Amino acid sequence: MTPDIAAILGVDGIATGAIYVLVAIGTVLIFTVTRVIFIPFGDIAAFTALTLAALDTGQVPGTIGLLVALACLATLVEVTSLVRKQAYREIPYAFLYYLVIPAAIALVVWLLIPLKPPLPVRLAMALLLILPIAPLLDRIVFRPIADGTVLLLLIVSVALHFALVGLGLLFFGPEGVRTEPLSSFHMEIAGIMLSGQTILIVVAAIVFSALLYLFFDFTLVGKSLRATAINRTGARLMGIRPARAGTVAYLLGSLMAGVSGILIAPVNTIFYDSGFLIGLKAFVGAIIGGLASYPGTAIGAIFVGILESFASFQSSAFKDVIVFSMLIPILIWRSLAALHSEEEVDE
Amino acid sequence: MALLSIENVCVSYDKVEAVHNVSLSIEAGQIVTVIGPNGAGKTTLMMAIIGLLKSKGRMEYLGQDLARLDVESRVGQGLCLVPEKRELFHDMSVYDNLILGSYSREDRSQVPQDLEGVFERFPRLKERRSQMAGTLSGGERQMLALGRALMSRPKLLMLDEPSLGLAPLIVREIFRTIASLRETGVSILLVEQNARAALETADYGYVIETGEIVQSGPANTLIHDEKLIAAYLGGH
Amino acid sequence: MRRSQIHLIGALAVICLAVAPYVLGSFSITLLNYIGIYALVAIGLALLTGVGGIVSFGQAAFVGVSAYASAWLSTTGGASPWFGLLLGAVLTCSIAAFLGFVTLRLKGHFLSLSTIAWGLAIAYMFGNIEGLGNYNGIASIPPISFGSIELIRSTQIYYLIWAIVIIAVLLAYNLLNSRVGRAMRTLRGGDTLVESLGINAFWIKLASFIIAALLAAVSGWLYAHMSRFVSPTPFEAGMGIEYLMMAMIGGAGSIIGGIVGAAIVTVLKNSIQDYLPLIAKGASGQLEIVAFSALFILFLQRARQGIVPYVAKFLPEPAHEPPPPAAPLPRRTQPPPGQTILKVDSALRRFGGLIAVNEVSFEVRSGEILGLIGPNGAGKSTMFNLITGALKLSGGAVAFEGASVADKRQYQIARAGVARTFQHVKLRPRMTLIDNVLLGTYPRTKTGFWRGALRLNREEEASAYQEALAQLKRVGLGDKPYELAGNLPLGSQRVLEIARALAADPLLLVLDEPAAGLRRQEKLQLAELLRSLRSDHLTILLVEHDMDFVMGLVDRIVVMDFGSKLCEGEPKEIRSDARVQEAYLGAVA
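Residues numbered from 1 in each chain as written. Chains lettered and ligands numbered in written order. Predicted model: local features only at pLDDT ≥ 70, side-chain atom pairs only at ≥ 80, totals over all residues. Heavy atoms only, no water.

1. Details of the overall build of chain A
Here is step 1: A tally of helices and strands in chain A yields 14 helices and 2 strands.
Here is step 2: Over its C-alpha trace chain A gives a radius of gyration of 20 Å, about what one expects of a compact globule, namely 20 Å for 347 residues.
Here is step 3: Considered along the principal axes of its C-alpha atoms, chain A spans approximately 70 × 60 × 35 Å.
Here is step 4: The buried share of chain A, taken over its 347 residues, is 56%.
Here is step 5: Summarising the internal contacts of chain A: among those between residues at least 6 apart in sequence, 77% fall at separations of at least 24. (Helix = DSSP H or I, 4+ residues; strand = E, 2+ residues; numbered from the N terminus. Rg over C-alpha atoms; globule rule 2.2 N^0.38 Å. Buried < 20%, exposed > 50% of the residue type's maximum accessible area, 1.4 Å probe, protein only. Contact = heavy atoms within 4.5 Å.)

2. What about the interface of chain B and chain A?
Here is step 1: If you look at the interface, chain B gives 25 residues, while chain A gives 18 residues.
Here is step 2: A combined buried area of about 2,100 Å² lies between chain B and chain A, and 64% of that area is made up of carbon and sulfur atoms.
Here is step 3: Across the chain B-chain A interface, the total number found is 5 salt bridges.
Here is step 4: Taken together, the connections running from chain B to chain A amount to 6 residue pairs in polar contact (both at pLDDT 80 or more).
Here is step 5: Broken down by class, the residue content of the side of chain B that touches chain A amounts to 13 nonpolar, 4 polar and 8 charged. (Buried area = accessible area lost by both parts, 1.4 Å probe. Salt bridge = Lys/Arg side-chain N within 4 Å of Asp/Glu carboxyl O. Polar contact = N/O pair within 3.5 Å; in protein donor to acceptor, adjacent residues only side chain to side chain. Nonpolar A, V, L, I, M, F, W, Y, C, P; charged D, E, K, R; others polar.)

3. Here's the deal with the side chain of Asn270 of chain C
Residues and elements named next belong to chain C.
Here is step 1: Along the chain, the position of Asn270 falls in helix α11 (residues 255-279).
Here is step 2: Assessed through its relative accessible area of 18%, Asn270 is described here as buried.
Here is step 3: Setting aside residues no more than four positions away along its own chain, Asn270 makes contact with Phe27 and Leu31.

4. Concerning the nonpolar core
Buried together is how nonpolar side chains tend to be arranged in soluble globular proteins.
Here is step 1: Membership of the largest hydrophobic core comes to 223 residues, with the highest contact counts inside it found for Phe38 of chain A together with Leu222 and Val230 of chain C.
Here is step 2: Each of two domains, domain 1 (28-312) and domain 3 (431-503) of chain C, supplies a minimum of three residues to this core.
Here is step 3: Those residues in contact with Val230 of chain C that lie beyond four places of it in its chain are Ala67, Tyr68, Ala71, Asn136, Gly137, Ile138, Ile141, Tyr223, Ala224 and Phe235 of chain C.
Here is step 4: Ranked by size, the runner-up nonpolar core spans 48 residues in total, among them Leu433, Leu469, Leu529 and Leu553 of chain C. (Core = buried A, V, L, I, M, F, W, Y, C linked by side-chain atoms within 4.5 Å. Domains from an automatic or database assignment.)

5. Side note on the sheet that holds strand β8 (residues 418-420) of chain C
All names here are of chain C.
Here is step 1: With mixed pairing, the 6 strands of this open sheet are ordered in space as β8-β9-β10-β5-β11-β12. Of all strands in the sheet, those with a lone pairing partner are β8 and β12 (564-569), marking the two edges. On average, each strand axis in the sheet is tilted by 20 degrees relative to the strand beside it, whichever way the strands run.
Here is step 2: Relative to strand β9 (residues 508-512), β8 runs parallel, the two being bridged by 3 bridges. Counterpart to Ala419 in the pairing with β9 is Leu509. (Pairing = 2+ DSSP bridges. Axes fitted to C-alpha atoms, helices over the stretch in contact; angles between N-to-C directions.)

6. So, the environment of Gln301 of chain C
Here is step 1: The residue Gln301 of chain C is located in helix α12 (residues 284-302) in this model.
Here is step 2: Once residues lying within four places of it in the same chain are set aside, the contact partners of Gln301 of chain C are Ile140, Val141, Phe142, Pro144 and Ile145 of chain A.

7. A look at the interface of chain C and chain A
Here is step 1: Listed by partner, the interface residues are 44 residues for chain C and 46 residues for chain A.
Here is step 2: At the boundary of chain C with chain A, the tally comes to 0 salt bridges.
Here is step 3: The interface formed by chain C and chain A includes 3 residue pairs in polar contact (both at pLDDT 80 or more).
Here is step 4: Elements that contribute at least two residues to the side of chain C that touches chain A include exactly α4 (81-103), α5 (108-128), α10 (237-251), α12 and β3 (340-351) of chain C.
Here is step 5: Of all the elements, α5 of chain C adds the most residues to the side of chain C that touches chain A, at 13 residues.
Here is step 6: Classifying every residue of the side of chain C that touches chain A by side-chain character gives 28 nonpolar, 12 polar and 4 charged.

8. Some details on the packing of aromatic side chains
Here is step 1: By the definition in use, this model includes 25 aromatic pairs over all chains.
Here is step 2: Ring centres of Phe47 of chain A and Phe172 of chain A lie 5.1 Å apart, and the angle between their planes is 45 degrees; on these two criteria the pair is classed as tilted. Of this pair, Phe47 of chain A sits in helix α2 (residues 41-56) while Phe172 of chain A sits in helix α7 (residues 150-172), placing them 125 residues apart in sequence.
Here is step 3: When the centroid spacing of 5.3 Å and the interplanar angle of 65 degrees are considered together, the rings of Trp82 of chain C and Phe146 of chain C count as edge-to-face. Here Trp82 of chain C is found in helix α4, whereas its partner Phe146 of chain C is found in strand β1 (residues 145-146), with 64 residues between them in sequence.
Here is step 4: Three or more aromatic residues joined by ring pairs make a cluster, and in this case those are Tyr34, Tyr38, Tyr68, Phe126, Tyr223, Phe235 and Tyr243 of chain C.
Here is step 5: Across the ring face of Phe202 of chain C, the terminal group of Arg105 of chain C is positioned such that the distance to the ring centre comes to 3.9 Å. (Phe/Tyr/Trp six-rings, centres within 6.5 Å; stacked < 30°, edge-to-face > 60°. Lys NZ or Arg CZ within 6 Å of the ring centre and 35° of its normal.)

9. A few points about the packing of helix α9 (residues 220-230) of chain A against helix α3 (residues 94-101) of chain B
Here is step 1: At a minimum axis separation of 10 Å, α9 of chain A and α3 of chain B run at an interaxial angle of 105 degrees. As the angle between them shows, α9 of chain A and α3 of chain B are arranged roughly perpendicular. Where α9 of chain A abuts α3 of chain B, its residues Leu220, Lys223, Ser224, Arg226 and Ala227 of chain A lie against Tyr95, Asp96, Ile99 and Leu100 of chain B.
Here is step 2: For the contact of α9 of chain A with α3 of chain B, the class distribution of residues is 5 nonpolar, 1 polar and 3 charged. (Parallel < 35°, antiparallel > 145°, perpendicular 65-115°, else oblique.)

10. Brief notes about helix α1 (residues 42-50) of chain B
Residue and element names in this part refer to chain B.
Here is step 1: The buried fraction of α1 amounts to 7 of the 9 residues, a majority that puts the element mostly inside the structure.
Here is step 2: Regarding α1, the residues found buried are Lys42, Thr44, Leu45, Met46, Ala48, Ile49 and Ile50.
Here is step 3: Remark: Gly51 follows α1 within two positions and exhibits a positive phi of approximately 100 degrees.

11. Things to note about the domain arrangement of chain C
Residues and elements named next belong to chain C.
Here is step 1: Along its sequence, chain C is carved into domain 1 (28-312), domain 2 (335-417 + 506-589) and domain 3 (431-503).
Here is step 2: In this complex, domain 1 contributes 20 residues to the contact, which on the side of domain 3 involves 19 residues.
Here is step 3: For the pair domain 1 and domain 3, the summed buried surface comes to about 1,800 Å²; carbon and sulfur atoms form 64% of the total.
Here is step 4: Considering only the surface of domain 1 that becomes buried against domain 3, Arg179, Arg182 and Leu197 emerge as the three largest contributors, covering 41% of it.
Here is step 5: Inspection of the region where domain 1 meets domain 3 yields 2 salt bridges.
Here is step 6: Listing elements by their share of the side of domain 1 that touches domain 3, those giving two or more residues are α6 (154-176), α7 (179-186) and α9 (201-227).
Here is step 7: Considering every element that reaches the side of domain 1 that touches domain 3, the biggest residue donor is α7, with 7 residues.
Here is step 8: A breakdown of the residues in the side of domain 1 that touches domain 3 according to their chemical character gives 11 nonpolar, 6 polar and 3 charged.

Structure follows, in structure tokens:
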């Protein structure tokens, strides 16, 4: 391998890694706040790409149908539970949050499609459609077992991923998509070609990570999310509702995943089931950060990107095997670190 | 009308009943203490009042049935528990912990003023305002827990073993603070094993044993009660 | 329900299985074959996940390793499928042993995540190795044969599959009711409990993991030679979760549940394939996985315990037949009275910045009851955990019977003769009293996995049973040995813990706040029991908060406050010590 090739692979790896950073940070966010290891996160990214591709060609994206279906189901679940609790006064709010808002989003997007809106509007439409999906899934799937063990939530999460892959095929069809690059800009630094898309990906990863940091450190809602992540009981005693914090976490996480989906769509062909690998690799990065530290997660995700890039150069058939095998030593190292802190909590 | 009154409250873990038919009430502005040995059900009772544990029986707070409210709504209504384990946000700064104490308040404009009040009461916290809560000493943690609770401007403050694991000097300081809270008009439900200190601070006391109230009365009467002296206060 | 009745039901089930090929059509038999093959994996998971609490998403990969190994050997090597079985089993178990060795120390969800990782990695390998036919797989695999009889038709291999399933069920059932099986059933109680009983938790986990892998290997071998074709698809991650689903739906922890779960999932999958196209034409294929996942999620939300345990609630209790009288288990010789058996020398323990135990020294002498007292938060529990090995010392030394415990694991300290109870009672609530106490005899007995599975352990089991029953009687719980431990009131649960500790025949009994939460009458009974144990020359270290309880009972007292030792002496001296008054009974405000 020549230094030139190594440099190209490195740049490529950083760009891939930056995409994983966005998904991985969302995963960590959701895990710390809700204790759910949200495996379907990559699916959210893939669905965003598919949605954008549909919007680009002026078609009605499958996301609209998916969103409306999930909204109806979530409303049904929520209203049923409210009736059971005899909390009739809250039923109108349930309709507003779980049915009216998602349906309004779907309607607005549907009305806008024939107008052939410009790219920035299409991006906004794609993100708007994707944002409510994870919170709705949370209401339908995870809220009823919110007190379960991390393991139970993990099993459910894996099952949910398979359900989403099926739904993805149903609503988006089997065709792969590749969207137009968001920028046709090219530049050359020290003999290495950098595409605008690559720069955009890295910049987006930095900007969104920074925004998240500011949100956590300077807003009360952000602090309440951190508080929930650190100590659920303590947070409840302050009047912070873990379920509401969870919804905010899912929204933020979906935003990150959505952006990564938009960024990856011009680079790789995305199919309805491409999300699994994106999600899992981001997840490997998140585990390097111990499912807790955001800077650690970012570094981990970049590492996975670079590893994948070099591994695919050496042996493209085994790149996934190499990436996933890496998880085992990482987990062992992480578990040793966790063991140490667990001992302290015990007392 | 009593601020909080509970009647025939029972709390069970699975099949084991930890609190049995407990009734007590707190008037506005009162300090009431519940004393008793380890495992008597004191903490369980606190957890039930705040809503972290399910209970049977009647609980009325400000004239409304508590059963209809979840933990967060109870906190929003001015109930506040400083639990035995403190439950601080260890990886957050002292300042953030205190600000989160005010989370459920509507009157955000009053928050900076209350923060100053807490810093005045606990100057140590001001010194350490940007330090992580997890790095504080035991006494400072208890101060932070108290300060965080005060940031919510509670109507009823419930303190579960505030003296737990603290050095005698600090215990004294904590009890002095508790007594001084009387001026702010907050009512306090104080659960303690340190029976003597608790009774000296409180207006009224209940003695709980194996989940049942076995004795109650004005604190200054209980403190001279022979049987109680023998059991909890050390006979001299 | 008596044992003979259970045998009768079992025999009927076997007869039904035996005549099935003469009654049912070939399609049903094929379905039954698949159920049997899947059931083997599900039984493994019932042991691993249901009993042991280790959730594995990766069993499909083990099935694949064995299927591919046997397929490869019998096609390219032309070897008999029986050699394939050998290769498949050895290879799978070796991989499992390696993976287990590196991952089973992981905690909770980290462990399960690692199973996803290696499950995926192995599955990707099948599709990318040229010698294994890449994504095309391996075709024309020879059938299994007995001499000249080749098992080609589905009704032929049917008997082999179900014979293996029945053997697996019997072995698994025997294993669960043996010494090692009880240890496996305790894994869910947490490592601290398991190790406190002198059980090497890691070893039990590893063995369970390999057993589950072995069952998966047999399943994979049968699959390869039944379908005569392997490709990567049936061994991918999706199948891994389907196996988990079978085990959980049947009732995690129930052996029969493995079969029931496999049957339900397989039949359901089939009918979904049949009926979905009628409901939704066109997009049908995809709805299958959606419907399936949705059903599983609904199941996990609503009825986590599974079908078999639910049905079992309505069946009569199986009758318990106590084993015959047997020779008693060997006992240790207690050291002569007055000899130092535990020596704590300047023990130190830090938690981050807090010093929980600060240079504490004291001794426990044979035959005495020593009380370690102090207010809440004084560091008593930490001291306790240092002695039993649940926590490591930051400085100083603890020696039991002259040997340092510093570098010993918890289970090694327990085996050396330290038996403990817990402040928050740690029993297995779904196990009977006698089974809970039998756990205590673990370090005194020897039966391993194979002897347990083959029921070669009857004599030792009978001895252990007699010992456990004797200890139950000794603490006053001898009248209902088959009651579930979870049904006892708290006071009796504490006493049951003591019986379990006594069954280990300890040199030192360490009790962590045994009187907490007890009613007055129960406390008196407990004190009486401890006195009677002392008169049997047992040494007891008692960590307690309740002053009254301690004063009348112990020989000597060590008082701790703020992590340090305040003083030491006889109850009378301690009662009149002013420092103790101040520290313990409360500072004056």
